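Here is how the chains run, residue by residue.
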Amino acid sequence: MITYNAEGVKMPKIRHRDTTAWIKAVAATYGRKVGEVGYMFVDDEKILEVNNEYLGHDYYTDIITFDYDEDDVINGDLVISLDTVRTNAEKFGKEYDDELHRVIIHGILHLCGINDKGPGEREIMEAAENKALAMLKK
């Protein structure tokens, strides 16, 4: 089950049913099933607080993924700053909705085992994001 919640921000205009079906389809391409996945949409101040409290990082980010996977079932909590998504969309010349979907699937790709911190991993993540975004029916 995938849940969508917002704290301190307005719920983004995403079609929950379509987004859930897309997430499940992407996970399936990695041989994974979706268990309990919770999205929490927040502002920059809240994500900074979460980043400090749980990761010891003192900076803003677009998404934080908490991974509770079990075998081939993905489970996790994904915290997304809509402020940073908007800033990044402007910075990279992307549509807000496109950037939001990229971030939404970025967390799922982490839960599927794709990393983006080590050498060469960012390129692998970007390719996986692009492949997943191509699967999204708008």
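Note that residues are indexed from 1 along each chain, following the sequence as it is written. Since the coordinates come from a predicted model, pLDDT governs what is reported: local features require at least 70, and pairs of side-chain atoms require 80 or more to be given and counted, while whole-chain, interface and lining totals use all residues. By convention in this description, side-chain values take in all heavy atoms of the structure and omit both hydrogens and water.

Caption draft 1: Structural context of helix H2 (residues 44-55). Where helices and strands are cited, they refer to DSSP runs of H or I of at least four residues and of E of at least two residues respectively, numbered from the N terminus. Here the expected length of a helix is defined as 1.5 Å per residue gap, with one fewer gap than residues. Helix length check: H2 (twelve residues) gives 16 Å between terminal C-alpha atoms against 16 Å at 1.5 Å per residue, within 8%. For H2, the complete set of buried residues consists of Asp44, Ile47, Leu48, Val50 and Asn51. All buried residues of H2 lie within an arc of 160 degrees about the axis, which places them on one face of the element. Seen from the open side of H2, the exposed residues pointing more than 90 degrees away from its buried face are Glu45 and Glu53. Looking at the packing, one finds that the buried side of H2 touches strand S2 (33-42), strand S3 (63-67), strand S4 (73-81) and helix H3 (82-92). Under this definition, polar contacts are N or O atom pairs within 3.5 Å; protein pairs additionally need one hydrogen-donor-capable and one acceptor-capable atom, and for neighbouring residues in sequence, both atoms have to be side-chain atoms. For H2, the capping residue at the N-terminal end is Asp43, with a side-chain oxygen 3.3 Å from the backbone nitrogen of Glu45. Taken from the residues just after H2, Gly56 is the one with a positive phi, measuring 70 degrees. Whether a residue is buried, partly exposed or exposed follows from its accessible area with a 1.4 Å probe, protein chains only, as a fraction of its type maximum: under 20%, in between, or over 50%, in that order. What the arc describes is the spread of directions from the helix axis to the C-beta atoms. Contacts were defined at the residue level, with two residues in contact if any of their heavy atoms lie within 4.5 Å.

Caption draft 2: Quick peek at the packing of helix H4 (residues 96-111) against helix H5 (residues 121-135). Only the stretch in contact is used when a helix axis is fitted, and all axes are lines through C-alpha atoms; the angle between N-to-C directions ranges over 0 to 180 degrees. Between H4 and H5, whose axes approach to 9 Å, the crossing angle comes to 115 degrees. For the element pair H4 and H5, the recorded crossing hand is right-handed. Mapping the contact onto sequence places Asp98, His101, Arg102, Ile105, His106, Leu109 and His110 in H4 and Arg122, Met125, Ala128, Glu129, Ala132 and Leu133 in H5. Rotating anticlockwise by less than a right angle from the far helix to the near helix defines a left-handed crossing, while the corresponding clockwise rotation defines a right-handed one.

Caption draft 3: Fine view of the pairing of S3. Pairing of S3 with S4, which is carried by five bridges, proceeds in the antiparallel orientation. Looking across to S4, one finds that Thr65 is bridged to Leu78. Criterion used throughout: strands pair if DSSP finds at least two bridges between them. Between the end of S3 and the start of S4, which pair antiparallel, lie five residues, with Asp71 showing a positive phi angle near 55 degrees.

Caption draft 4: Geometry of the layout of surface pockets. Counted as a void, the largest pocket has a volume near 410 Å³. Detection works on a 1 Å grid of protein atoms alone, calling trapped sets that fit a 1.4 Å probe cavities and calling open sets with protein on both sides within 12 Å along at least five of seven lines pockets, with lining residues defined by an atom within 4 Å of a point. Taken together, 17 residues line the largest pocket, and the ones lying closest to its centre are Ile63, Thr65, His110, Asp116 and Lys117. Every element with two or more residues in the lining of the largest pocket is listed here: H2, S3 and H4. Residue composition of the lining of the largest pocket, by class: five nonpolar, seven polar and five charged. Grid points are joined across faces, edges and corners, and a volume is the space filled by probe spheres set on the points. When its volume is computed, the second largest pocket comes out at roughly 260 Å³. At the level of secondary structure, the elements contributing two or more residues to the lining of the second largest pocket comprise H4 and H5. Per-element tally for the lining of the second largest pocket: the top contributor is H5, with five residues. Gly counts as polar in this scheme, as do all residues outside two lists: the nonpolar Ala, Val, Leu, Ile, Met, Phe, Trp, Tyr, Cys and Pro, and the charged Asp, Glu, Lys and Arg.

Caption draft 5: Representation of the environment of Thr29 in the model. Note that Thr29 resides in helix H1 (residues 16-29). As a C-alpha pair, Thr29 and Glu123 span 94 residues in sequence and 18 Å in three-dimensional space. Engagement of the side chain of Thr29 in a polar contact is seen with the backbone oxygen of Val26, the distance being 2.6 Å.

Caption draft 6: Fine view of the nonpolar core. Among buried residues, the Ala, Val, Leu, Ile, Met, Phe, Trp, Tyr and Cys ones that are joined through side-chain atoms within 4.5 Å form a nonpolar core. Among the nonpolar cores identified, the biggest contains 31 residues, and Ile23, Tyr39 and Ile80 are the most heavily contacted of them. The dominant element in this core, judged by the number of residues it contributes, is H4, at eight residues. With sequence-adjacent residues up to four places away left out, Tyr39 is seen in contact with Ile2, Thr3, Tyr4, Asn5, Ile23, Leu78, Ile80, Ile104 and Ile108. By size, the runner-up hydrophobic cluster in this structure holds six residues, among which are Val42, Ile47, Ile64 and Phe66.

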